[in-house]
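Secondary and tertiary structure notes
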Amino acid sequence: PTSLPMSAAAPGTQPPPDLSLAFERVVDVASHPILRSHVLDGRAVLPMAVHMEWLAHAALHGNPGLVFQGFNDLRITHGIMVEEGGSNPLRLFAGRASRQDKNFCVHVELRGRRRDGREVIHSRADVVLTAALAKPPVADKPPNVQPYAHPLDEVYKYFLFHGPELHGIESIEGLTDNSFVGSAYPAPAPAEWFAGPLRASWVADPLVLDTSFQMMILWSFAQHGAGSLPCFLGRYRQFRRAFPPGPVRVVIRVNRDNGSFARADIDYLDREGAIIAQVQDYECVIDPGLNQAFRRNQLGTAVKA
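Heads up: these notes are all about the structure in this document.

Rules used in this analysis
Residues numbered from 1 in each chain as written. Predicted model: local features only at pLDDT ≥ 70, side-chain atom pairs only at ≥ 80, totals over all residues. Heavy atoms only, no water. Helix = DSSP H or I, 4+ residues; strand = E, 2+ residues; numbered from the N terminus. Buried < 20%, exposed > 50% of the residue type's maximum accessible area, 1.4 Å probe, protein only. Contact = heavy atoms within 4.5 Å. Lys, Arg positive; Asp, Glu negative; His and termini not counted. Charge placed at Lys NZ, Arg CZ, Asp CG, Glu CD. Pairing = 2+ DSSP bridges. Expected span 1.5 Å × (residues − 1). Axes fitted to C-alpha atoms, helices over the stretch in contact; angles between N-to-C directions. Left-handed = near helix turned anticlockwise from the far one by under 90°. Nonpolar A, V, L, I, M, F, W, Y, C, P; charged D, E, K, R; others polar. Phe/Tyr/Trp six-rings, centres within 6.5 Å; stacked < 30°, edge-to-face > 60°.

Here we look at the overall build of the chain
- Helices and strands together make up the secondary structure of the chain, namely 4 helices and 16 strands.
- With respect to the principal axes defined by its C-alpha atoms, the chain has extents near 55 × 50 × 35 Å.
- Within the span of the chain, comprising 305 residues, buried residues form 53% of the whole.
- Across the chain, the fraction of contacts at a sequence separation of at least 24, relative to all contacts at a separation of at least 6, is 69%.
- Charge-centre separation for the chain: the mean point of 30 positive side chains lies 4 Å from the mean point of 31 negative side chains.

Following this line, the structure appears as structure tokens:
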């Protein structure tokens, strides 16, 4: 099964202080086929964009009438990896909504268990909910970029580890030392990614978000010859209840880069150039050691210790 009743928690486990169980889910490749397109070093890894979706759902679960506005301080603390034939039981917790100006803030955590039975926090964030979405700011003029050297078929063959279901890049306009501009396809319905989805439609758009992180990987390869992976989002704000059905323009501005770590701001724009959503302080680690892990993007190809 992909979902469990809330009473099915393991005996002797207690919710963290001040947090209540929102929902539970058992993650495996059979019931979450999207994982076959997100394999690192031979193991399926739950994408950060799916962490975001489920954390948002956990916050909304106990707050009917409010809508999702964004995140503060979303951090991946322990990746969720699933072996072929294995499963990973997860629990999502949410705190009480606290008033902050015109919005409400809900602390959320995605938790699981290590092989030795100890509980682990996989990700956590403060979700911002609101009664009425704020108006978006006016978009800054996109940076002038230089042509990107590789066609899309080479991008997914030689640089990115993402499988067919996550081939979200529609086009690449270009890049500079501190920017990247392209466009991303929207995600299909949740039922095409998971059995028993939590909702019939997405809170955000995990394919657009994941594709923007893919673009950061291409940027890190271009600048440093090394792959990168996301670990933190300082601030995310969404100005619509849902992303539009067509492709989204992604404008990335890198404002810190020391070769092993980068920080960037990301705008998501509609066809008219209006802001759909924004990320501030996206952070990723850049590591040449990831390059081999990216190549082992089929289940069961991990190097045994």
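Looking at the environment of Leu 110
- Summarising the element assignment, Leu 110 is placed in strand β9 (residues 103-113).
- You can call Leu 110 buried: its relative accessible area is 0%.
- For Leu 110 and Arg 263, which are 153 residues apart along the polypeptide, the C-alpha to C-alpha distance reads 24 Å.
- Setting aside anything within four residues of it in sequence, one finds Leu 110 in contact with His 51, Trp 54, Leu 55, Ile 80, Leu 90, Arg 91, Leu 92, Val 120, Ile 121, His 122 and Ser 123.

Overview of the sheet that holds strand β3 (residues 39-40)
- Strand order in the open sheet made by the 3 strands is β3-β4-β6, with antiparallel pairing throughout. The two strands at the open ends of the sheet, each matched to only one other strand, are β3 and β6 (81-82).
- Here strand β4 (residues 43-45) pairs with β6 via 2 bridges, running antiparallel. Looking at the pairing, Val 45 lines up with Met 81 of β6.

Focus: helix α1 (residues 48-61)
- For α1, spanning 14 residues, the distance from its first C-alpha to its last is 20 Å, which sits close to the expected 20 Å at 1.5 Å a residue.
- Of all the 14 residues making up α1, 13 are buried; the element is thus mostly covered by neighbouring parts of the structure.

Let's talk about the packing of α1 against helix α3 (residues 206-224)
- Contact geometry for α1 and α3: axes closest at 8 Å, N-to-C directions at 140°. Seen along the crossing, α1 lies across α3 with a hand that is right-handed. In this structure, α1 contributes Met 48, Ala 49, Met 52 and Glu 53 to the contact, and α3 contributes Pro 206, Leu 209, Asp 210 and Phe 213.
- Split by residue class, the contact of α1 with α3 holds 6 nonpolar, no polar and 2 charged.

Topic: the pairing of strand β12 (residues 179-184)
- Across the 6 residues of β12, 6 count as buried, placing the element largely inside the fold.
- Burial of β12 is two-sided: the residues Ser 179, Val 181 and Ser 183 facing one way and the residues Phe 180, Gly 182 and Ala 184 facing the other way are all buried.
- Once strand β11 (residues 169-176) ends, the chain turns through 2 residues before running back antiparallel as β12.
- As judged from the 6 bridges shared by β12 and strand β14 (residues 248-257), these two strands associate in the antiparallel manner. Residue Ala 184 lies in a different strand from β14, and its bridge partner there is Val 248.

Some words on the packing of aromatic side chains
- Applying the stated criterion across every chain yields a total of 13 aromatic pairs.
- Measuring from ring centre to ring centre gives 6.3 Å for Phe 243 and Tyr 268, while their planes differ by 70°; the resulting arrangement is edge-to-face. Here Phe 243 is found in the loop between β13 (227-238) and β14, whereas its partner Tyr 268 is found in strand β15 (residues 261-269), with 25 residues between them in sequence. Each member of the pair, Phe 243 as well as Tyr 268, carries the same accessibility label: buried.
- Taken together, the ring pairs connect Trp 54, Trp 193, Phe 194 and Trp 202 into an aromatic cluster.

Regarding the pairing of β13
- With 9 of 12 residues buried, β13 lies mostly within the body of the structure.
- In this structure, strand β5 (residues 67-76) lies alongside β13, joined through 5 bridges in antiparallel fashion. Pairing of Gly 70 across the sheet is with Arg 237, part of β13.
- In the sheet, β13 pairs with strand β16 (residues 275-287) via 10 bridges, with the strands oriented antiparallel. Residue pairing in the sheet places Arg 237 in a bridge with Gln 278 of β16.

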